[in-house]
Amino acid sequence: MTDKYLVFGNPIAHSMSPDLHTFFADSTNQDLVYDRELVEDGCFNLQADRFFDNGGRGCNITVPCKLDAYNYADTLSEYAKAAGAVNTLKKMEDGTIYGDNTDGRGLVYDLKRLGCVLKGAKVLIIGAGGATQGILKPILEEEPESITIANRTFEKAQKLSLLYKDRVDACALADLEAKYDVIINATSASLKDELPGVSDEVLKAASFAYDLMYRKEGQTVFTKKALDLGVAKAHDGFGMLIGQAILSFELWRGVKPSFEDVIRKFRS
Ligand code: ATR
């Protein structure tokens with residue numbers, strides 16, 4: 001019988017996950033179908049139960065259900081625990097449900113692919129929502145010199161930094177110095193075509209800028225701004241989307257699709 005996978009979220013119509021995973025399955029000769037399902041308000045558990053009871057093998061979870069999925073899982077990876085959120089569920093041999101979070105590792109994979117050196121770098125992350133919490137552990141594992149979180153609402157940055165007391169600090173946007181090598185925009189500002197509130201001085205001192213959001217055309221207002229200011233490299237989060245999908249697929253199927261094949265197909 002063909003194995004069933006899907007992505008849960010709301011909204012879900014524009015999710016690229018079905019296209020990505022269908023491409024992965026074709027390119028690695030895996031017999032599976034991958035669908036999408038809109039989650040009605042408060043119905044995640046019900047819908048996930050129904051999926052797994054009807055032979056579902058695994059699923060991705062996107063906004064706003066990542067916390068529901070975290071609570072739904074019987075066991076969690078260290079990355080899911082650190083993120084406080086789950087984007088991948090897998091039904092194990094013994095019937096239990098395992099929850100992982102591949103977002104942050106997908107980001108680190110893409111950063112490395114793009115030539116961004118995190119080891120020894122001063123890293124600034126703008127934003128202090130779920131996206132930031134999801135990427136802290138994988139970035140820390142790359143041994144940067146420092147990680148600073150800055151956010152419009154300073155208290156939220158402070159609270160997140162306390163999860164990694166001596167290794168991550170917090171700063172108000174207005175107090176940032178122009179000293180960061182790598183700047184990651186983890187706010188949702190680009191979705192509204194807004195800039196996240198970092199001064200030009202701070203931004204142009206960086207050598208690498210990355211926006212977790214992505215746009216069809218390949219640049220966001222933030223990455224455009226960085227390039228205009230002379231930052232050597234600036235990329236949107238499309239590669240992170242692919243990276244996290246590849247890691248989910250590998251968890252489910254034990255094979256890893258080629259990143260470059262996927263990016264060539266979907267960015268062209
Ligand atoms: P969550 O992931 O917790 O649901 P969110 O509401 O999607 O969070 O917001 C993600 C982050 O983007 C937050 O850090 C938010 O800043 P606040 O904590 O001050 O709300 C940030 N953000 C969203 N729009 C922004 C904008 N236009 N300028 C700066 N930061 C913005």
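Residues numbered from 1 in each chain as written. Predicted model: local features only at pLDDT ≥ 70, side-chain atom pairs only at ≥ 80, totals over all residues. Heavy atoms only, no water.

A. Structural detail: the sheet that holds strand S7 (residues 122–126). Spatially, the 6 strands line up as an open sheet ordered S9-S8-S7-S10-S11-S12, and their pairing is parallel. Unpaired on one side and paired on the other, strand S9 (168–172) and strand S12 (233–235) mark the two borders of the sheet. Neighbour-to-neighbour, the strand axes of this sheet turn through a mean angle of 20 degrees, independent of strand direction. With 3 bridges joining them, strand S11 (residues 208–211) and S12 adopt parallel strand pairing. Note on S12: the bridge partner recorded for Tyr210 is His235. (Pairing = 2+ DSSP bridges. Helix = DSSP H or I, 4+ residues; strand = E, 2+ residues; numbered from the N terminus. Axes fitted to C-alpha atoms, helices over the stretch in contact; angles between N-to-C directions.)

B. Focus on the packing of helix H5 (residues 103–113) against helix H6 (residues 130–140). One can describe the packing of H5 onto H6 by two numbers: an axis separation of 7 Å at closest approach and a directional angle of 55 degrees. One finds that H5 runs oblique with respect to H6. In the crossing of H5 with H6, the sense of the turn from one axis to the other is right-handed. Between H5 and H6, the residues in contact are Gly104, Arg105, Leu107 and Val108 and Gly134, Ile135, Pro138 and Ile139, respectively. (Parallel < 35°, antiparallel > 145°, perpendicular 65-115°, else oblique. Left-handed = near helix turned anticlockwise from the far one by under 90°. Contact = heavy atoms within 4.5 Å.)

C. Expanded view of the pairing of S11. Here S11 shows no split at all, with Phe208 and Tyr210 on one side and Ala209 and Asp211 on the other all buried. Alignment of strand S10 (residues 182–185) against S11, held across 4 bridges, turns out to be parallel. When the sheet's bridge partners are listed, Ile183 is paired in S11 with Ala209. Crossover S11 to S12 through helix H9 (residues 221–228) is right-handed. (Buried < 20%, exposed > 50% of the residue type's maximum accessible area, 1.4 Å probe, protein only. Right-handed = clockwise from strand over helix to strand, strands pointing away.)

D. Inspection of the nonpolar core at higher detail. Leu107, Ile139, Ile184 and Tyr210 are the most contacted members of the largest nonpolar core, which has 28 residues in total. Elements with a minimum of two residues in this core: H5, S7, H6, strand S8 (146–151), helix H7 (154–161), S10 and S11. Counting residues per element, this core draws most heavily on H6, which supplies 4 residues. Non-local contacts of Ile139, meaning those with residues more than four positions away in its chain, are made with Leu107, Val108, Leu118, Ile125, Pro144, Ile147 and Ile184. (Core = buried A, V, L, I, M, F, W, Y, C linked by side-chain atoms within 4.5 Å.)

E. Quick peek at the site of the ligand. Close to the ligand lie 15 residues, the nearest being Ala128, Asn151, Thr153, Lys156 and Glu194. Between the ligand and the protein, one listed contact pairs an oxygen atom with a backbone N or O atom of Ala128 at 2.9 Å. Relative to its free-state accessible area of 630 Å², the ligand is covered by the protein chains to the extent of 70%. Looking at the shell around the ligand residue by residue, the classes come out as 4 nonpolar, 7 polar and 4 charged. (Near = heavy atom within 4 Å. Polar contact = N/O pair within 3.5 Å; in protein donor to acceptor, adjacent residues only side chain to side chain. Areas by Shrake-Rupley, 256 points an atom, 1.4 Å probe, with all protein chains shown as cover. Nonpolar A, V, L, I, M, F, W, Y, C, P; charged D, E, K, R; others polar.)

F. Structural detail: the pattern of salt bridges. Going through the model one piece at a time under the given rule, you end up with 15 salt bridges. Salt-bridge contacts for Lys81 lead to Glu78; the nearest nitrogen and oxygen are separated by 3.4 Å. Taken together, the positions of Lys81 and Glu78, both in helix H4 (residues 78–83) and 3 residues apart, correspond to about one turn of that helix. The exposure class of Lys81 is partly exposed, given its relative accessible area of 44%. By relative accessible area, which is 49% here, Glu78 ends up partly exposed. By sharing partners, the salt bridges in this structure join Asp3, Arg57 and Arg253 into a single network. (Salt bridge = Lys/Arg side-chain N within 4 Å of Asp/Glu carboxyl O.)

G. Representation of the sheet that holds strand S3 (residues 56–61) in the model. Within the open sheet, the 6 strands sit side by side as S2-S1-S3-S5-S6-S4. Their pairing is mixed. Among the strands making up the open sheet, the edge pair consists of strand S2 (32–38) and strand S4 (75–76). When strand S5 (residues 88–91) meets strand S6 (residues 97–100), the two strands line up antiparallel, connected through 4 bridges. From the neighbouring strand, Leu89 faces S6, where its bridge partner is Gly99. In the packing of helix H1 (residues 17–27) onto the sheet, the strands contacted are strand S1 (3–9), S2 and S3, and the crossing angle to S2 comes to about 175 degrees. Along the sheet, helix H10 (residues 238–253) contacts S1, S2, S3, S5 and S6; its crossing angle with S5, the most-contacted strand, is approximately 10 degrees.

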